[in-house]
Amino acid sequence: MTAIVRALAMLAILTTVVGCSFGTRKVATYDYTPYVANNPRSVLVAPMLAQGEHARHYLATVAQPLAERGYYVMPIRLTQDLLAAEGYQERARELRSTWRTEEGGSVWDLIDETKHPGIREMAIELAELTGADSVLFVYIRDWRHEVDVSEGFLANLVDERMNHHIDLDYLLIGAEGDTLWRARKGVEYTRGGGGFFTEIWNARHKASDDEIDTAIARDVNRLMIEAQRTRNEMTGNWFPSYPMLVGPYHPAYEADRMRRQPGAQ
Amino acid sequence: MRDVCPNLPATALVIVLTLTFAGLAEAKDPPRLYYWTTYEQEMYLAYDQPDDEDRQMKLAATLLRIIQKSDEAGRKPAPGVVAEYGYFLLQRGEYYSAIDHFRREAATWPESKTLMERMIRIAQAEAGL
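Every chain's residues receive numbers from 1 upward, in the order its sequence appears when written. The lettering of chains begins at A and the numbering of ligands begins at 1, in the order of writing. Residues qualify for local features only when their pLDDT is at least 70, as the model is predicted, and side-chain atom pairs are given and counted only at 80 or more; totals for whole chains, interfaces and linings, by contrast, use all residues.

1. A look at the overall build of chain A
When helices and strands are counted, chain A shows eleven helices and five strands. Note on contacts: each residue gets a C-beta atom placed from the backbone, and two residues are in contact if those atoms are within 7 Å. When contacts within chain A are restricted to residue pairs at least 6 apart in sequence, those whose partners lie at least 24 apart make up 68%. To qualify as a helix, a DSSP run of H or I must reach at least 4 residues; to qualify as a strand, a run of E must reach at least 2; elements of each kind are numbered from the N terminus.

2. Quick look at the overall build of chain B
Scanning chain B for helices and strands turns up six helices and zero strands. The order of helices and strands in chain B, counted from the N terminus, is α-α-α-α-α-α. In chain B, which comprises 129 residues, the share counted as buried stands at 30%. Sequence-distant contacts, at least 24 apart, represent 34% of the contacts inside chain B between residues at least 6 apart. Neighbour density around each residue's C-beta defines its exposure: 20 or more other C-beta atoms within 10 Å make it buried, 12 or fewer make it exposed, and counts between make it partly exposed, where C-beta atoms are placed from the backbone.

3. Let's talk about the environment of B:Phe88
Residue and element names in this part refer to chain B. For phenylalanine 88, the location among the structural elements is in helix H4 (residues 81–91). A count of 23 C-beta atoms within 10 Å places phenylalanine 88 in the buried class. Distance in space between the C-alpha atoms of phenylalanine 88 and leucine 59 is 9.1 Å, their sequence separation being 29 residues.

4. Overview of unusual backbone geometry
The backbone phi angle of A:Asn39 is positive, close to 45 degrees, even though this residue is not glycine. In this fold, A:Asn39 is placed in the loop between helix H2 (33–38) and strand S1 (42–45). The backbone of B:Thr37 shows a phi angle near 45 degrees, a positive value even though the residue is not glycine. Tracing the chain through its elements places B:Thr37 in the loop between helix H1 (8–22) and helix H2 (39–48).

5. Brief notes about helix H7 (residues 117–130) of chain A
Residue and element names in this part refer to chain A. Under the convention used throughout, the expected extent of a helix is 1.5 Å for every residue step, that is, one less than its residue count. Taking 1.5 Å of rise per residue, 14 residues should cover 20 Å, and H7 covers 20 Å from first to last C-alpha, within 8% of that figure. Of the residues making up H7, those classed as buried are Ile119, Met122, Ala123, Leu126, Ala127 and Thr130. Projected onto a plane normal to the axis of H7, the buried residues spread over an arc of 130 degrees and lie on a single side. Once H7 finishes, glycine 131 follows within two positions and takes phi at roughly 80 degrees, a positive value. In this context, the arc is that of the directions from the helix axis out to the C-beta atoms.

6. Side note on the environment of A:Met244
Residue and element names in this part refer to chain A. Residue placement: methionine 244 occurs in the loop between helix H10 (209–226) and helix H11 (253–260). Distance from methionine 244 to alanine 217, taken between C-alpha atoms, is 17 Å for residues 27 residues apart in sequence. With near-sequence residues (within four places) excluded, methionine 244 lies in contact with Arg69, Trp181 and Ile225.

7. With respect to the pairing of S1(A)
All names here are of chain A. On S1, burial covers both faces: Ser42 and Leu44 on one face and Val43 and Val45 on the other are all buried. Pairing between two strands is assigned when DSSP locates at least 2 bridges connecting them. Here two bridges tie S1 to strand S2 (residues 72–73), and the two strands are oriented parallel to one another. Bridge pairing in S2 links valine 43 to valine 73.

8. Quick look at helix H3 (residues 53–68) of chain A
Of all bends in H3(A), the biggest is about 30 degrees, found at A:Val62, and the proline A:Pro65 comes one to four residues later. Of the residues one or two after H3(A), A:Gly70 is the one with positive phi, at around 105 degrees. A residue's bend is the angle separating two fitted axes: one through the seven residues that end there, the other through the seven that start there.

9. With respect to the packing of helix H3 (residues 53–73) of chain B against H4(B)
Residue and element names in this part refer to chain B. With axes taken as lines fitted to C-alpha atoms, and helix axes fitted only over the stretch in contact, angles between N-to-C directions fall between 0 and 180 degrees. Their axes nearest at 9 Å, the elements H3 and H4 cross at an angle of 140 degrees. Looking at the two axes, H3 sits oblique to H4. Classified by chirality, the crossing of H4 by H3 is left-handed. Contacts from Ala60, Leu63, Leu64, Ile66 and Ile67 in H3 reach Val81, Val82, Glu84, Tyr85 and Phe88 in H4. Gly falls in the polar group here, along with every residue not listed as nonpolar (Ala, Val, Leu, Ile, Met, Phe, Trp, Tyr, Cys, Pro) or charged (Asp, Glu, Lys, Arg). Tallied by class, the residues present in the contact of H3 with H4 amount to nine nonpolar, no polar and one charged. For this classification, under 35 degrees means roughly parallel, over 145 means roughly antiparallel, 65 to 115 means roughly perpendicular, and everything else is oblique. In this scheme, a crossing is called left-handed if the near helix is turned counterclockwise away from the far one by less than a right angle; it is called right-handed if the turn is clockwise.

10. Some details on the confidence of the model for chain A
Taken as a whole, chain A shows an average pLDDT of 72; of its residues, 55% reach a score of 70 or greater. The pLDDT value tells you how sure the predictor is about a given residue, anywhere from 0 up to 100. Contacts from residues 195–201 of chain A, a stretch scored under 50 in pLDDT, to residues over four places away or in other chains number seven contacts.

11. Overview of the confidence of the model for chain B
Residues and elements named next belong to chain B. Mean pLDDT over chain B works out to 84, with 77% of the residues at or above the 70 mark. Low pLDDT (under 50) marks residues 14–27, which in the prediction has one contact with non-local residues, meaning those over four places away or in another chain. For this predicted complex, the interface confidence comes out at an ipTM of 0.79, alongside a pTM of 0.76.

In structure tokens:
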């Protein structure tokens, strides 16, 4: 009996300690020091580390949130073509293929000079070639559609329930090769399913996968770049994250810079 | 209790305030800095069907509409839009007009100067200037 009481007491103490340790844990903050020091005015979107239809969704929807964040965004289509002609698309593909062989690797490994000096060198070269102050790399970690067959006969007959899942890594490198910002975000969206009338409505107003992909890409880009001010309209969730600092053409530029200065709270 | 878990009152307060204001936090999008019209849709379709002349023309029309709408309102066209239109003209062999647009982009956005000078050199070379 004494042993049971002692065990329960230990459990209670353990629960309290663990519970309160979460409460008192210092919230991690993002170190914007290199970002503030570099103070980029312009952003070049680097050739995608993976090509394909999802790269197109991403590229079509990235300029607007970057520009609205207050940056000069190097013209996407023009620069993607120019850099492809200069051989950088191929180099981006090679970089990814060497990295891909490492099991469990992440895009963050790419900036590790001991493993992949190529990406940092590439950022410096691209900045020099275009005059950009910073270069944004994105890696599509995951982008898939899955038909959910667990919803029963009606759901799959009238309107397939489709799960869309996107997971992207972002990496912003300054013209001198400093890492300024990195972020990762995954978003899920489910279309279809639901009750009979929802099914009928969905079937009549069915968005194409392309439309959904574009909408999700737009949503992810906004989430990543603006972060704290944006909600995922499809899932209704807020995503706390560390946004890009606002650029020089944004009305909140000075205030944001002052807030992110080292030591400022 | 405070000694054991000093953040408890603050945590509770944050939770209450969060729940209270969650409904109010349906923040509207801030006013946009630039006109975009159907930029994203047309850009995607142009990327998706690069050999479809109609899609390329629609993207060009969208870019031109953004430029005209911005001019009418006395605002800067969004970053890159004038240059993208210039690039469209370059691809069609309208070199002089392309150069004019690259120059305008550089004058509007000093950050683009290096890139636009490069594009002007490319256009001049293709035009045999």
